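A structural walkthrough
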Amino acid sequence: MRIKTMMRTAGVISLAVVAGLLGVGGTWALWNVAVPAEMGTVQAADFRVELNGSPMTVNGMAATVALEKPGTALTPKTPVYSIITVKNAANAGGRFSIRATMGTPTAQSSDPILAANLKGHVLTAQMPGSTTCADATYTAQPATATIAKGATARYCVKMSLPADTPAMLTPSTATVTIPVTATQIQ
Amino acid sequence: MKKMTKGAIVTGLGVALLLGGGGTLAVWNVEQTANAGTMAAGSMELTSSTGVWTSNLSNNPIPDITEYRIVPGEELTYTQQLEVGLEGDQLEATLSVDTSGVTNGFSNNLTLEDFMVTKAGAADAAITAYNGSADVEKGTYTASATLAFNADHQEDMNQELDLTQVTYVLDQKAPTPAN
């Protein structure tokens with residue numbers, strides 16, 4: 001009777017141990033260890049290009065550019081100039097250069113004769129070393145420049161009228177639009 | 001009769017004395033140390049060194065990836081040393097990379113490429129699948145992974161790829177009993 005009691009007790013204890021091990025888990029499993037790679041988080045840069053201090057947006061937003069000498073009147077003998085600055089303000093971690101190109105200018109005016117006379121007479125060029133737009137060399141080709149990260153390029157826009165422009169245009173006004181394209185080139 | 005009784009009593013006392021003295025009438029026994037030695041369990045360890053990010057646009061390592069901003073056309077590579085410790089005569093293990101916790105805000109333009117785990121002087125272990133695994137042995141391994149930012153699209157400025165949960169896992173292989 002006493003032996004039977006002992007055997008029963010031993011059986012109950014054994015079952016309890018097995019149940020306990022299974023419940024805790026791990027003890028019966030194969031080993032495994034893990035370690036974090038600690039790779040961190042990778043973030044893309046912001047392609048930020050500033051046109052005369054204002055941020056350009058993708059497929060963008062117009063920025064108004066003042067004349068180099070505000071109030072200067074445009075006549076067949078006196079062209080007027082504007083300065084466009086393009087800054088590569090991207091926050092790229094590595095090397096990051098862009099190419100900024102002035103597109104073909106277009107002139108709009110309530111006076112169709114003025115608009116017609118401006119056609120072909122709005123030209124762009126890179127700003128010369130003298131920083132005076134009158135000294136720049138203008139061609140029919142759009143001005144372009146490579147701009148490194150954090151750097152700024154300056155462009156000149158020359159607006160002129162041919163010598164045979166009718167005098168009756170005074171005091172008409174015109175709006176000149178120049179598309180500026182900034183492209184990542186690395 | 002009395003003499004016989006006395007003789008028996010004396011004889012009994014003599015036998016008792018002989019038994020009390022021990023030895024002479026004991027059964028044989030010998031003793032020898034088994035010398036089975038001491039059993040010790042093995043161990044399995046995995047440690048990693050501080051990883052290094054590099055860019056294909058520079059020869060210098062990136063000091064802090066959290067301050068770095070990747071751009072289209074750029075490739076970043078993460079390299080790290082792993083120390084695999086396997087102590088156990090029958091201990092075999094596989095190494096894997098758990099990327100289940102990766103959060104990717106990019107629109108298919110930036111992905112974590114396959115991990116490569118190599119060991120100098122031994123058969124290379126290549127974890128080629130995104131969540132693959134490879135057999136490893138004790139020693140130092142080099143793990144590397146590459147991120148390539150697709151240059152064909154304009155999307156994904158300022159997006160993030162969170163790799164903080166990437167983990168290396170060393171799993172023991174189930175031993176195969178001898179037949």
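Keep in mind that what you see is a predicted model, and the values were worked out from it rather than measured.

Before going further, it helps to examine the overall build of chain B. Helix and strand counts for chain B stand at 1 helix and 13 strands. Moving toward the C terminus, one meets the helices and strands of chain B in the order α-β-β-β-β-β-β-β-β-β-β-β-β-β. For chain B, the proportion of its 179 residues judged to be buried stands at 22%. Restricting to contacts in chain B with at least 6 residues of sequence separation, those with at least 24 account for 72%.

Moving on, we come to the overall build of chain A. Counting its regular elements, chain A contains 2 helices and 12 strands. Each of the 186 residues in chain A was classed as buried or not, and the buried ones make up 24%. Relative to all contacts within chain A whose residues are 6 or more apart in sequence, the contacts with residues 24 or more apart total 73%.

Attention shifts here to the interface of chain B and chain A. If you look at the interface, chain B gives 41 residues, while chain A gives 27 residues. Elements that contribute at least two residues to the side of chain B that touches chain A include exactly strand E1 (43-48), strand E4 (69-70), strand E5 (75-87), strand E12 (160-162) and strand E13 (167-172) of chain B. Element by element, the count of residues in the side of chain B that touches chain A is highest for E13(B), at 6 residues. Considering only residue class, the side of chain B that touches chain A consists of 20 nonpolar, 14 polar and 7 charged. The pairing of strand E2 (residues 41-44) of chain A with E12(B) spans 3 bridges and is classified as antiparallel. Across the sheet, residue Gln43(A) finds its bridge partner in E12(B), namely Glu160(B).

A general trend in soluble globular proteins is that nonpolar side chains are found buried together. In this structure, Val86(A), Tyr155(A), Ile70(B), Leu95(B) and Val117(B) are the most contacted members of the largest nonpolar core, which totals 66 residues. When near neighbours in sequence (up to four residues on either side) are disregarded, Ile70(B) contacts Val42(A), Ala44(A), Ala45(A), Gly93(A), Leu76(B) and Phe149(B).

Strand order across the open sheet formed by 4 strands is E4(B)-E2(A)-E12(B)-E7(B), with mixed pairing between neighbours. Edge positions in the sheet fall to E4 and strand E7 (103-104) of chain B, since each has one partner strand and no second. The pairing of E2(A) with E4(B) spans 2 bridges and is parallel. In the sheet register, Ala44(A) faces E4(B), and the bridge partner there is Ile70(B).

Our focus in this paragraph is the confidence of the model for chain B. Predicted confidence across chain B gives a mean pLDDT of 85, with 86% of residues reaching 70 or more. Complex prediction metrics read pTM 0.75 and ipTM 0.77.

The next subject is the pairing of strand E10 (residues 133-136) of chain B. Residues and elements named next belong to chain B. Every second residue of E10 is oriented toward a common face, the buried set being Ala134 and Val136 and the non-buried set Ser133 and Asp135. Pairing of strand E6 (residues 93-98) with E10 involves 4 bridges; the strand directions are antiparallel. When the sheet's bridge partners are listed, Ala93 is paired in E10 with Val136.

Let us look at the environment of Ala45(A). Tracing the sequence through the fold places Ala45(A) in the loop between E2 and strand E3 (49-51). Residue Ala45(A) is classed as buried on the basis of its C-beta count, with 24 C-beta atoms lying within 10 Å. When the C-alpha atoms of Ala45(A) and Asn91(A) are compared, they prove to be 5.7 Å apart, with 46 residues separating the residues in sequence. Discounting chain neighbours no more than four positions away, the residues touching Ala45(A) are Ala90(A), Asn91(A), Ala92(A), Gly93(A), Arg69(B), Ile70(B), Val71(B) and Met157(B).

What follows concerns the sheet that holds E10(B). An order of E1(A)-E13(B)-E6(B)-E10(B) is seen for the 4 strands of this open sheet, with the pairing classed as antiparallel. The sheet terminates laterally at strand E1 (32-36) of chain A together with E10 of chain B, the two strands that pair on one side only. Strand-to-strand twist in this sheet, taken as the mean axis angle between neighbours without regard to direction, amounts to 25 degrees. Across 6 bridges, E6(B) lies against E13(B) in antiparallel orientation. In the strand pairing of E13(B), Leu95(B) is matched with Leu170(B).

Summarising the element assignment, Gln184(A) is placed in strand E12 (residues 180-184). Once you skip the residues sitting within four places of it in the chain, Gln184(A) turns out to touch Phe47(A), Phe96(A), Ile98(A), Val71(B) and Pro72(B).

Turning next to unusual backbone geometry. All names here are of chain A. For Glu38, which is not glycine, the phi dihedral falls at a positive 55 degrees. Locating Glu38 in the fold gives a position in the loop between E1 and E2. For Glu38, a count of 16 C-beta atoms within 10 Å gives the class partly exposed. If you check the backbone angles, Asn52 has positive phi at about 50 degrees while not being a glycine. The residue Asn52 is located in the loop between E3 and strand E4 (54-55) in this model.

Glancing now at the environment of Met116(B). All names here are of chain B. Counting through the fold element by element, Met116 comes out in strand E9 (residues 116-118). The class for Met116 is partly exposed, based on 18 C-beta atoms found within 10 Å. Distance in space between the C-alpha atoms of Met116 and Ala126 is 5.1 Å, their sequence separation being 10 residues. If we skip the residues at most four places from it in the chain, Met116 touches Ala126 and Ser144.

Scoring rules and cut-offs
- Residues numbered from 1 in each chain as written.
- Chains lettered and ligands numbered in written order.
- Predicted model: local features only at pLDDT ≥ 70, side-chain atom pairs only at ≥ 80, totals over all residues.
- Helix = DSSP H or I, 4+ residues; strand = E, 2+ residues; numbered from the N terminus.
- Buried ≥ 20, exposed ≤ 12 C-beta atoms within 10 Å, placed from the backbone.
- Contact = placed C-beta atoms within 7 Å.
- Nonpolar A, V, L, I, M, F, W, Y, C, P; charged D, E, K, R; others polar.
- Pairing = 2+ DSSP bridges.
- Core = buried A, V, L, I, M, F, W, Y, C linked by C-beta atoms within 7 Å.
- pLDDT = per-residue confidence, 0-100.
- Axes fitted to C-alpha atoms, helices over the stretch in contact; angles between N-to-C directions.

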